[in-house]
Amino acid sequence: MQIEKGNHQLFDLPLRVPRSMLQHLPPLSGHRIRVRVQPDLTSLGGKLVSGVGRGAAVHAGSFMRKRVIVLEEALLRFPRRLNRIFIHEVFHFAWLRLGNHERRQYEQLLEAEIRLGAKGELGWSAESLKETLTPADVRRRTIRWRAYACESFCDYSRVDVR
Ligand SMILES: [Zn+2]
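What counts, and at which threshold
- Residues numbered from 1 in each chain as written.
- Predicted model: local features only at pLDDT ≥ 70, side-chain atom pairs only at ≥ 80, totals over all residues.
- Helix = DSSP H or I, 4+ residues; strand = E, 2+ residues; numbered from the N terminus.
- Rg over C-alpha atoms; globule rule 2.2 N^0.38 Å.
- Buried ≥ 20, exposed ≤ 12 C-beta atoms within 10 Å, placed from the backbone.
- Contact = placed C-beta atoms within 7 Å.
- Domains from an automatic or database assignment.
- Pairing = 2+ DSSP bridges.
- Core = buried A, V, L, I, M, F, W, Y, C linked by C-beta atoms within 7 Å.
- Axes fitted to C-alpha atoms, helices over the stretch in contact; angles between N-to-C directions.
- Parallel < 35°, antiparallel > 145°, perpendicular 65-115°, else oblique.

*Asks:* Can you help me understand the overall build of the protein in this one?
*Replies:* Within the protein, the secondary structure is distributed over 6 helices and 7 strands. Reading the secondary structure of the protein in the N-to-C direction produces α-β-β-β-β-β-β-β-α-α-α-α-α. In terms of overall dimensions, the protein is globule-like: its C-alpha atoms have a radius of gyration of 16 Å, near the 15 Å expected for 162 residues. Across its three principal axes, the protein shows a C-alpha extent of roughly 45 × 40 × 30 Å. The 162 residues of the protein split such that 26% are buried. Considering only contacts in the protein between residues 6 or more positions apart, those separated by 24 or more positions represent 50%.

What follows is the structure in C-alpha cells.
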C-alpha cells in the first residue's frame, strides 16, 4: 500500500539542506527517501565514493533499494544547480516506479527523436550516454540504451527549474 505524504514528509533532509529545494517538485508520494550530503563525490569503479581524491567527479548519486540520494556538498553554495540535480535524482525513483509500458512509451519518443536527427540533450548525463549509443543499442534496447532513456527522463523532469 502506498502512503500519501507531503514532500516534507517524503524526504529526510539534513539540516543544512534548504527546505526550499522541495518547492520545485510536484506533489509526490511513496516511501521515505533519505538525502545525504558528502564532500568530494566521485565515481570510482562503478561506486560512489566521497573524499578519496580519485575517480570522476559527480554531483550526486541515488541508491534505489536503500532509498538514499547523496548530494555533493559543494552544491550547497549553488542553490539553482542543487535544485536541478536534486530533481534529477528524485526522478530516478519516479522512472523506476513508472512501469514498463510507460518507460517503453518514453523510449519510443526518444527513438523518434533520434530517427529525426535530433542532436543534444537537456543535461550532461543524458548527452554523454547518447553520444556513445549505436544503432544496435537502440534496436536491441541494450543496457546503454535503457540507461540513456532513464537519464533523459530525469533531465527532462527538471526542465522548468530556473
Ligand atoms: Zn541520473
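*Asks:* Teacher, can you tell me more about the domain arrangement of the protein here?
*Replies:* The domain boundaries assigned to the protein delineate domain 1 (7-88) and domain 2 (100-157). Computed over C-alpha atoms, the centres of domain 1 and domain 2 are 23 Å apart.

*Asks:* What am I meant to see in the pairing of strand 6 (residues 60-63) here?
*Replies:* A regular strand carries its side chains on alternate faces of the sheet. Sheet topology note: the strand 6/strand 7 (residues 68-72) ladder contains 4 bridges and is antiparallel. The partner of phenylalanine 63 across the bridge, within strand 7, is valine 68. Linking strand 6 to strand 7, which pair antiparallel, is a turn of 4 residues; within it arginine 67 sits at a positive phi near 55°.

*Asks:* It is not clear to me how the sheet that holds strand 1 (residues 11-12) should be interpreted in this structure. Could you clarify?
*Replies:* By way of backbone hydrogen bonds, the strands of a sheet pair with one another, either parallel or antiparallel. The strand order across the open sheet built from 4 strands is 1-2-7-6, with neighbouring strands paired in mixed fashion. For this open sheet the edge positions go to strand 1 and strand 6, each flanked by a neighbour on one side alone.

*Asks:* What is the right way to read the environment of histidine 31 from this model?
*Replies:* Structurally, histidine 31 is set in the loop between strand 1 and strand 2 (33-38). Sequence separation between histidine 31 and glycine 99 is 68 residues, and the spatial gap between their C-alpha atoms is 17 Å.

*Asks:* What should I look at first to understand the sheet that holds strand 5 (residues 56-57) in this one?
*Replies:* Sheet architecture is open: 3 strands sit in the order 4-3-5, paired in antiparallel fashion. Across the chains shown, the open sheet's two edge strands, defined by having one partner strand only, are strand 4 (47-50) and strand 5. Sheet topology places strand 3 (residues 41-44) next to strand 4; 4 bridges connect them, and they run antiparallel. Counted as the bridge partner of leucine 41 is serine 50 from strand 4.

*Asks:* Please clarify how the environment of histidine 24 should be interpreted in this entry.
*Replies:* Take histidine 24: it is sitting in the loop between strand 1 and strand 2. Linking histidine 24 and asparagine 83, residues 59 residues apart in sequence, is a C-alpha distance of 7.3 Å.

*Asks:* Help me understand the nonpolar core, please; the structure alone is not making it clear to me.
*Replies:* The nonpolar side chains of soluble globular proteins are, as a tendency, buried together. Counting 26 residues, the largest nonpolar core has Leu71, Leu82, Ile85, Phe86 and Ala149 as the members making the most contacts within it. For this core, the elements supplying multiple residues, two or more each, are strand 2, strand 7, helix 2 (79-98), helix 4 (124-132) and helix 6 (143-157). If you count residues domain by domain, this core takes at least three from each of domain 1 (7-88) and domain 2 (100-157). Once you skip the residues sitting within four places of it in the chain, phenylalanine 86 turns out to touch Met21 and Leu71.

*Asks:* Help me understand the packing of helix 3 (residues 100-115) against helix 6 in this model?
*Replies:* Between two packed helices, what matters for the description is the angle formed by their axes and the separation of those axes. The contact between helix 3 and helix 6 brings their axes to 10 Å, and the two run at 90°. In terms of orientation, helix 3 lies roughly perpendicular with respect to helix 6. Note on element contacts: helix 6 touches helix 3 through Ala149, Ser152 and Phe153, opposite Arg103, Tyr106, Glu107 and Leu110.

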